[in-house]
Amino acid sequence: MKQRAVITGGAGFLGSHLCERFLSEGWDVLCVDNLLTGNKDNVAHLEALDSFEFLEHDVTKYIDVDGPVDAILHFASPASPIDYLELPIQTLKVGSLGTHNALGLARAKGARFLIASTSECYGDPLVHPQTEDYWGNVNPVGPRGVYDEAKRFSEAMTMAYHRYHGVDTRIIRIFNTYGPRMRLNDGRALPAFMSQALQGKPLTVFGDGSQTRSFCYVDDLVEGIWRLLASDFHEPVNVGNPSEMTIREFADKVIALTNSGSTVTYQELPEDDPKVRQPDITRARAVLGWEPKVQLDEGLERTLGWFKKRVQVQGEAPSEG
Ligand code: NAD
Ligand code: UDP
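In short, a report on the structure. Just so we're clear, the structure is a prediction, and the values are computed from it rather than from any experiment.

This part takes up the site of ligand 2. Around ligand 2, 18 residues are found, and the nearest of them are Thr204, Phe206, Arg213, Asp273 and Arg277. In the model, an oxygen atom of ligand 2 is placed 2.7 Å from a nitrogen or oxygen of the phenylalanine 206 main chain. Burial of ligand 2 by the surrounding chains reaches 94%, relative to a free accessible area of 510 Å². Of the residues contributing to the shell around ligand 2, the split by class is 8 nonpolar, 4 polar and 6 charged.

Given below as structure tokens:
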């Protein structure tokens, strides 16, 4: 019997890569997305397949799915800081009501459930690198609180459905992931720096650029998700690349990779921007036998083609007015 996955947020950056992976493993896929921050173009190449279905739907409303479902991967949520600052209520609703609906669907169908949680659960961390048993340092009433607390709530709701209803759940804490299909203007560091470098504009480094991040290539992340779903592990698992660098170093790397003449310009650091971030992946290594394979230089090279094409298309578009 063919297995069937429901992937919420499937028309987004990560969701579209997940749809591809499940289809290539021989699954049927129902992609559920309201296109709030995603785009149907991300899954346009899948639409001719009999095994792929697209449902335009807001998962904060009851999710009605006919037929059997074996796994639900709940990825619907604005994810870039710019998006969730512009969409605070939708972000809180999709993390809370959306997660509740997706868990309800999992319970009704007897399906496995995996929630896309985040390193933002650790907030501006006081433990470094971050281990899963660290409870975090989140400002609930700051601007990022809408995302961080929605995700923390969604983890709590997931554990409640597991403990109380016996739903077979998984929680992945995803650290900064990049790759093709990120939106040029989604405001995250990589799309911002690549599009600025390709256009010869100054790279906008926030603060003094000494804050750190650790960047994971999307194929590595998808492999981690695949393995976690196949495991029988219910506690949160960090998945990310532990190779950590300052944002200033990251900007320099992008300038070098693109052979750009761009300089760097410093702008104000957003409120509550975490000062450090690096996943401790001991658990992922032990439980999933997983670790990242794609080095940053190779991952950036693979991503560059996508951004080059986008920048060209944007450059070719007739200017307004
Ligand atoms: P994205 O914005 O590209 O994708 C999110 C998708 O969810 C979009 O297609 C959007 O239209 C959809 N969506 C939002 N609200 C919805 C709703 N109410 N109903 C249905 N669909 C809805 O972002 P992404 O980077 O692909 O992130 C996907 C998931 O992974 C998110 O849950 C995010 O929190 C999580 N995550 C991502 C990263 C990362 O580095 N990319 C890191 C940590 C966690
Ligand atoms: N950042 C930056 N310039 C930009 C976009 C982001 O300096 O144009 C910084 C941001 O302040 C943060 C880091 O890069 O310290 C990563 O930001 P991103 O939005 O990619 O994700 P975050 O890890 O903050 O969720």
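Another aspect to go through is unusual backbone geometry. Residue proline 129 follows histidine 128 across a cis peptide bond; omega there is -10°. A positive phi angle, near 85°, is found at arginine 181, a position not held by glycine. Mapped onto the fold, arginine 181 is located in the loop between β7 (177–178) and α5 (189–198). For arginine 181, a relative accessible area of 15% corresponds to the buried category. If you check the backbone angles, asparagine 259 has positive phi at about 50° while not being a glycine. With respect to the helices, strands and loops of the structure, asparagine 259 is situated in the loop between α7 (247–257) and β13 (264–267).

Quick look at the site of ligand 1 now. Taken together, 29 residues lie near ligand 1, and Leu14, Asp33, Thr37, Tyr147 and Lys151 sit nearest. At 2.8 Å, a side-chain N or O of aspartate 58 approaches a nitrogen atom of ligand 1. Take threonine 177: an N or O atom from its main chain is 2.8 Å from an oxygen atom of ligand 1. With the chains in place, 96% of the 820 Å² that ligand 1 exposes on its own is no longer accessible. Contributions of two or more residues to the shell around ligand 1 are made by α1 (13–24), β5 (112–118) and α4 (145–165). The element contributing the most residues to the shell around ligand 1 is β5, with 3 residues. Classifying every residue of the shell around ligand 1 gives 13 nonpolar, 12 polar and 4 charged.

All right, on to the environment of serine 96 then. Mapped onto the fold, serine 96 is located in helix α3 (residues 88–109). Residues serine 96 and glutamate 149, 53 residues apart in the sequence, show an inter-C-alpha distance of 9.4 Å. Within the structure, serine 96 has its side chain in polar contact with the backbone oxygen of leucine 92 (distance 2.5 Å).

Within the largest apolar cluster, 62 residues are counted, with the highest numbers of intra-cluster contacts made by Phe22, Phe52, Leu73, Phe75, Phe193 and Phe250. In terms of residue count, the dominant contributor to this core is helix α6 (residues 218–230) (7 residues). If we ignore the near neighbours within four places in the chain, the residues touching phenylalanine 52 are Cys19, Leu23, Val29, Cys31, Val43, Leu46 and Glu47. Core analysis: the second largest hydrophobic core is formed by 22 residues, Val94, Leu105, Ala106 and Tyr161 among them.

Along α7, the residues that are buried comprise Ile247, Phe250, Ala251, Val254 and Ile255. Buried residues of α7 fall within an arc of 140° about the axis and therefore sit on the same side. In the segment just after α7, asparagine 259 is the residue with positive phi, at about 50°.

Further remarks concern the packing of aromatic side chains. Using the criterion set out here, one finds 9 aromatic pairs in the structure. Between tryptophan 27 and tryptophan 226 the ring centres are 6.3 Å apart and the planes differ by 70°, which places this aromatic pair in the edge-to-face class. With tryptophan 27 in the loop between α1 and β2 (28–33) and tryptophan 226 in helix α6, the pair connects residues that are 199 residues apart, well separated along the chain. Each member of the pair, tryptophan 27 as well as tryptophan 226, carries the same accessibility label: buried. Taking the centre distance of 4.0 Å and the plane angle of 15° together, the rings of phenylalanine 215 and phenylalanine 250 count as stacked. Taken together, the residues span a long stretch of sequence, with phenylalanine 215 in the loop between β9 (212–214) and β10 (216–217) and phenylalanine 250 in helix α7 at a distance of 35 residues. The class for phenylalanine 215 is buried, based on a relative accessible area of 7%.

What counts as what
- Residues numbered from 1 in each chain as written.
- Chains lettered and ligands numbered in written order.
- Predicted model: local features only at pLDDT ≥ 70, side-chain atom pairs only at ≥ 80, totals over all residues.
- Heavy atoms only, no water.
- Near = heavy atom within 4 Å.
- Polar contact = N/O pair within 3.5 Å; in protein donor to acceptor, adjacent residues only side chain to side chain.
- Areas by Shrake-Rupley, 256 points an atom, 1.4 Å probe, with all protein chains shown as cover.
- Nonpolar A, V, L, I, M, F, W, Y, C, P; charged D, E, K, R; others polar.
- Helix = DSSP H or I, 4+ residues; strand = E, 2+ residues; numbered from the N terminus.
- Buried < 20%, exposed > 50% of the residue type's maximum accessible area, 1.4 Å probe, protein only.
- Core = buried A, V, L, I, M, F, W, Y, C linked by side-chain atoms within 4.5 Å.
- Contact = heavy atoms within 4.5 Å.
- Arc of directions from axis to C-beta.
- Phe/Tyr/Trp six-rings, centres within 6.5 Å; stacked < 30°, edge-to-face > 60°.

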